[in-house]
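Observations on the model geometry
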Amino acid sequence: MSDATPGSGTHRGRLLALTTVAAGLGAAAWALREVPAAFGRDPDGRDARIRNSPQYADGTFRNAPSDAARTGSGPTRPDRDTFRRMLFERNGRTPVRPVPLVRPEPTPDRAPADGVSITWYGHASALVEVEGTRVLLDPIWSERCSPSAHLGPKRLHPVPVELEELPAVDAVLISHDHYDHLDMATVKRLVRTQSAPFAVPLGIGGHLRRWGVPEHRIIELDWDETCTLGELTLTLTAAHHFSGRGLTRNTTLWGSWVIAGATRKVFYTGDSGYFEGYAAIGAQHGPFDAALVQIGAYDEAWADIHMTPEDAVLAHRELGGGLLVPVHWCTFNLGLHPWAEPVERLLTEAKAHGVPVAVPRPGERVDLAAPPELDAWWTGLA
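These remarks concern the structure in this document. (Residues numbered from 1 in each chain as written. Predicted model: local features only at pLDDT ≥ 70, side-chain atom pairs only at ≥ 80, totals over all residues. Heavy atoms only, no water.)

Comments concerning the overall build of the chain
The number of helices and strands found in the chain is nine helices and 15 strands. When the 382 residues of the chain are sorted by exposure, 52% land in the buried category. The contacts of the chain with a sequence gap of at least 6 include a subset with a gap of at least 24, amounting to 71%. On the chain, roughly 17,200 Å² of surface is accessible, and the fraction owed to carbon and sulfur atoms is 55%. (Helix = DSSP H or I, 4+ residues; strand = E, 2+ residues; numbered from the N terminus. Buried < 20%, exposed > 50% of the residue type's maximum accessible area, 1.4 Å probe, protein only. Contact = heavy atoms within 4.5 Å. Areas by Shrake-Rupley, 256 points an atom, 1.4 Å probe, with all protein chains shown as cover.)

Dropping the structure here:
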């Protein structure tokens, strides 16, 4: 005789459904467990340096007044058409063939370049060597630029070298706190594998402290402030951008960097719209041997915070930038333009103005004494 009671099948079905839902919620919670930490920690308003910054007013940082900055709807005010294009106009925005990499042999004991060299790892991550010193720029070695390891823009090519295989660096520079420039997992790995300080714009120290970076390895600077590390001089300069990792905006500062040895100098734009600050930086700190200039993820909707390739060439000329090395393209799908369009437009504009350009593959080292010839390695990939 069966001991089943009326409705027992329905009861078991409900239990199974509840168990499945609970398991799913548990798995989701486990997958997203690091998201709160990845948001970092905003300044709490007690830092006198932040309150007294000329860039800070009414609880947030501001861009400098600009007559030259382009007009855009801005990242916090995208219109309906922008959302539609982001969701549905995806053709050509990612490569359909593998991006060619240069995978250098690990050389942790290799001496840094006596002159100037730049190794680009993809997006804005790069190793800059200036007269015997090394600086790592905006390193992101994670699979996604996102607070979650499971959601968000995913890499379009592998990292060309493991983070642990990098040689010892003298400083890690951060331009601002967006996820494609400041990555929690990468920072934690660098705490273990490197001993160099992190030089960052005001307020970003709060993120680093939450992630376990020791206080003695955090250097926070305002625009036009400088720190000296042996023969290396680092100056945070202006940019026209914004910041934020969660729902709040502009509680930390953003900027660009001047990297100077005894006689040689390199400039890094970080993320920025075009503004008259480039001419001022060039007059005060230039000319430069090379400049790493943002060229990708532009659109009319956010023309005030990301340069077009044509803007990048104009900024480079005003900086006195020397060799132009384009960054902020190739690695993540963050814009609405075709994947290779930034570099193609850049080369057209650079040729028109006689600006020398090197376009390395991810992982390729550019020695300014003998920069590589252009070979259009990106052609036909998308």
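Digging into the pattern of salt bridges
A pair can form between side chains of opposite charge whenever their charged atoms are brought close. In this structure the tally under the stated criterion is 14 salt bridges. Taking the shortest distance from any N to any O, the salt bridge between Glu129 and Arg134 comes out at 3.9 Å. Residue Arg134 is classed as buried on the basis of its relative accessible area of 5%. Notably, a salt bridge pairs Glu164 with Arg189, separated by 2.7 Å at the nearest N-O pair. Here the residue Glu164 occupies a position in the loop between β5 (133–137) and β6 (171–173), and Arg189 occupies one in helix α5 (residues 184–193), the gap between them amounting to 25 residues. Residue classification places Glu164 among the partly exposed residues on the basis of a relative accessible area of 41%. Put simply, Glu129, Arg134 and Arg365 are held in one network by salt bridges that share partners. (Salt bridge = Lys/Arg side-chain N within 4 Å of Asp/Glu carboxyl O.)

So, the sheet that holds strand β10 (residues 232–237)
A sheet is described by the order of its strands in space; here six strands give the open sequence β9-β10-β11-β12-β13-β14, paired in mixed fashion. Looking at which strands have only one partner, the edges of the open sheet turn out to be β9 (226–229) and β14 (323–327). On average, each strand axis in the sheet is inclined to that of its neighbour by 15°, with strand direction left out of account. Relative to the sheet, helix α8 (residues 309–319) contacts β12 (265–268), β13 (290–294) and β14, its axis offset from that of β13 by approximately 150°. (Pairing = 2+ DSSP bridges. Axes fitted to C-alpha atoms, helices over the stretch in contact; angles between N-to-C directions.)

Structural notes on the nonpolar core
Ranked by internal contacts, the top residues of the largest apolar core, which has 69 residues, are Leu234, Ile259, Leu292, Trp329 and Trp377. Once you skip the residues sitting within four places of it in the chain, Trp377 turns out to touch Val99, Pro100, Trp120, Trp329, Cys330, Trp339, Val359, Pro360, Arg361 and Pro362. Membership of the second largest hydrophobic core comes to 24 residues, among which are Val159, Val187, Ala196 and Leu208. (Core = buried A, V, L, I, M, F, W, Y, C linked by side-chain atoms within 4.5 Å.)

Quick notes on the packing of α8 against helix α9 (residues 341–353)
Here α8 crosses α9 at 40°, and the two axes come no closer than 8 Å. Classified by the interaxial angle, the pair formed by α8 and α9 is oblique. Along this stretch, α8 crosses α9, giving a crossing that reads as right-handed. Here Pro309, Glu310, Ala312, Val313 and Arg317 of α8 come into contact with α9, specifically with Pro342, Arg345, Leu346, Glu349, Ala350 and His353. A class-by-class count of the residues in the contact of α8 with α9 yields six nonpolar, one polar and four charged. (Parallel < 35°, antiparallel > 145°, perpendicular 65-115°, else oblique. Left-handed = near helix turned anticlockwise from the far one by under 90°. Nonpolar A, V, L, I, M, F, W, Y, C, P; charged D, E, K, R; others polar.)

Side note on the pairing of strand β8 (residues 218–221)
Neither face of β8 is left uncovered, since the one carrying Ile218 and Glu220 and the one carrying Ile219 and Leu221 both have all their residues buried. Read as a crossover between parallel neighbours, the route from strand β7 (residues 198–201) over helix α6 (residues 205–210) to β8 is right-handed. (Right-handed = clockwise from strand over helix to strand, strands pointing away.)

Some remarks on α9
The terminal C-alpha atoms of α9 lie 19 Å apart, and with 13 residues this matches the ideal 18 Å at 1.5 Å per residue to within 8%. Along α9, the positions that sit buried rather than exposed are Pro342, Val343, Leu346 and Ala350. Buried residues of α9, viewed axially, fall in a sector of 85°; they line one side. Turned more than 90 degrees from where α9 packs its buried face, Thr348, Lys351 and Ala352 sit exposed. Here the buried face of α9 lies against α8 and β14. Looking one or two residues beyond α9, the residue adopting positive phi is Gly354, at roughly 65°. (Expected span 1.5 Å × (residues − 1). Arc of directions from axis to C-beta.)

Looking at the sheet that holds β8
Strands pair in a sheet through their backbones, by hydrogen bonds, and they do so in one of two ways: parallel or antiparallel. What the seven strands build is an open sheet, ordered β8-β7-β6-β5-β4-β3-β15; its pairing is mixed. With one partner strand each, in any of the chains shown, β8 and β15 (365–367) form the two edges of the open sheet. The average undirected angle you get between the axes of adjacent strands in this sheet is 20°. Alignment of strand β4 (residues 125–130) against β5, held across five bridges, turns out to be antiparallel. Along β5, the bridge assignment pairs Val130 with Thr133.

As for the packing of helix α7 (residues 277–285) against α8
Viewed as axis vectors pointing N to C, α7 and α8 meet at an angle of 30°, and their least axial separation amounts to 7 Å. As the angle between them shows, α7 and α8 are arranged roughly parallel. Note that α7 runs across α8; the crossing there is right-handed. Across from Tyr278, Ala279, Ile281 and Gly282 in α7, the residues of α8 making contact are Ala315, Glu318 and Leu319. When the residues that make up the contact of α7 with α8 are grouped by side-chain class, the tally is five nonpolar, one polar and one charged.

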